[in-house]
Amino acid sequence: MRALFTEAPGGWEHTRIVEKPDPEPRTGEVLVDIKAVGLNPADYFQVQGQYPGQPKAPFITGRDAAGVISAGSGTKEWPAGTPVLIIQSQLRDLAEGTLCERQRFPVSTLAPIPIGWSIEEAAAAPLAYMTAWRALTVSANCKEGSKVVVTGASGGVGTAAVQLALGLGATVIALSRSVQKRAKLSAMGAQHVFDPEDPDLKKKVPQAVGGRGVDIVVETVGGPFIRTAVNLLAPYGVVGVVGVLAGVEGPLPIPSLMFKRAKVEGVLVSDYSPEEAPDEWAKIISTLNKRSFRPIIDKVFPFEDYLAAVEHLKGSPFGKVVLTFPGR
Ligand SMILES: NC(=O)c1ccc[n+]([C@@H]2O[C@H](COP(=O)([O-])OP(=O)(O)OC[C@H]3O[C@@H](n4cnc5c(N)ncnc54)[C@H](OP(=O)(O)O)[C@@H]3O)[C@@H](O)[C@H]2O)c1
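Below is a summary of the structure that appears in this document.

A short note on the site of the ligand
For step 1, the next point in the chain: Surrounding the ligand, one finds 28 residues, the nearest of these being G152, G155, G156, S176 and G243.
For step 2, the next point in the chain: Counting only elements with at least two residues in the shell around the ligand, the list comes to helix 1 (41-47), helix 3 (126-139) and helix 4 (156-167).
For step 3, the next point in the chain: Here the shell around the ligand is built from residues that sort into 14 nonpolar, 12 polar and two charged.

Laid out in structure tokens, this is it:
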């Protein structure tokens, strides 16, 4: 099989497509012919040597995938030929990622492809939706009537958070730096859209939601946005800290934190246990179905064009970037 293999992290010059033997599934695992892989920032952070808990090289990067259970593999519940997506590939060693033509996965990480979804949509979904769901329903208690700000709302996690919060009955305030992407977020159903760099944001958001501030901020951007996030909260509000694309450090407004009794909580998608993940995934699908939402894909690239795909992801697309294998 072909695999995107990193011999040494730190740059892309030591990462290339090479021929490898097919992995051998162990007890409780199946082999999957991978058809599509959704890219995540963690994939390029890992290749660049910037991912906390980085596996030792050599490794195959990649977290999301959808495919078909390989001939000769499979179990009674998951027979060969079944189309599947992988809800928690990070349960295994991060060195054995999804950017390859075949990979072994524990059956506990498999889920059927939701009805009507393409293989690309299935590959794009798991990490982003599971992360957004955790920020909304574990760090916070998003429900009918909640007011939710999503920063980086045009990204993979951001679009997932907008859809899920709307599916839960929340009012969504989506932040994006791009006027075109704000228009797309409105078309998705976000009730309010703003530029995160608008100097009047701190006034405009409370005005939009009746003066109080918001209950939840899903904070996917990092850096200086942590201050904005706390400043937008209503008393007892929660910031779910998800991402770092705008910086790994940021200022916290301490008086605002104190007087609002605000909570700022780190969100880590890998905290779902193998027992919890399938149930949470089922709740995600039923929440999306309430509004007929599906994963948003910005662009699909062939596997061989992985460098162009990574550059496209770094350029802030609207939704997800996906790689596909020939014959998918
Ligand atoms: N904690 C976890 O378990 C977990 C899981 C998944 C992802 N993540 C992290 O979450 C973050 C977002 O992931 P993603 O997949 O949504 O990424 P993405 O698809 O690349 O989207 C991120 C969005 O953030 C905005 N953005 C990017 N760089 C920015 C900057 N310098 N300043 C301001 N805004 C910026 C962009 O929106 P606009 O251009 O529209 O403003 C972009 O669309 C990443 O850091 C990722 O590693 C964490």
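That shown, we press on.
Side note on the environment of K76
For step 1, the next point in the chain: Relative to the elements of secondary structure, K76 occurs in the loop between strand 5 (66-69) and strand 6 (83-86).
For step 2, the next point in the chain: Exposure remark for K76: the 5 C-beta atoms within 10 Å place this residue in the exposed category.
For step 3, the next point in the chain: For the pair K76 and S186, spaced 110 residues apart in sequence, the C-alpha separation works out to 45 Å.

Some remarks on the nonpolar core
For step 1, the next point in the chain: The biggest cluster of nonpolar side chains holds 102 residues, and the ones touching the most others in it are A132, L136, V148, V150, A161, V162 and A165.
For step 2, the next point in the chain: For this core, the leading source of residues is helix 3, giving eight residues.
For step 3, the next point in the chain: Of the domains in this structure, domain 1 (2-125 + 296-324) and domain 2 (127-270) are the two that each give at least three residues to this core.
For step 4, the next point in the chain: Setting aside residues up to four positions removed in sequence, A161 forms contacts with A132, A135, L136, V150 and V218.

Quick look at unusual backbone geometry
For step 1, the next point in the chain: Here the bond from A57 into P58 is cis, since omega is 0°, no more than 30 degrees from zero.
For step 2, the next point in the chain: In this model, Y236 sits at a positive phi of 65°, which is unusual for a non-glycine residue.
For step 3, the next point in the chain: Mapping Y236 onto the fold places it in strand 13 (residues 233-241).
For step 4, the next point in the chain: Look at S316: it is not a glycine, yet its phi comes out positive at around 60°.

Scoring rules and cut-offs
- Residues numbered from 1 in each chain as written.
- Predicted model: local features only at pLDDT ≥ 70, side-chain atom pairs only at ≥ 80, totals over all residues.
- Near = placed C-beta within 6 Å.
- Helix = DSSP H or I, 4+ residues; strand = E, 2+ residues; numbered from the N terminus.
- Nonpolar A, V, L, I, M, F, W, Y, C, P; charged D, E, K, R; others polar.
- Buried ≥ 20, exposed ≤ 12 C-beta atoms within 10 Å, placed from the backbone.
- Core = buried A, V, L, I, M, F, W, Y, C linked by C-beta atoms within 7 Å.
- Domains from an automatic or database assignment.
- Contact = placed C-beta atoms within 7 Å.

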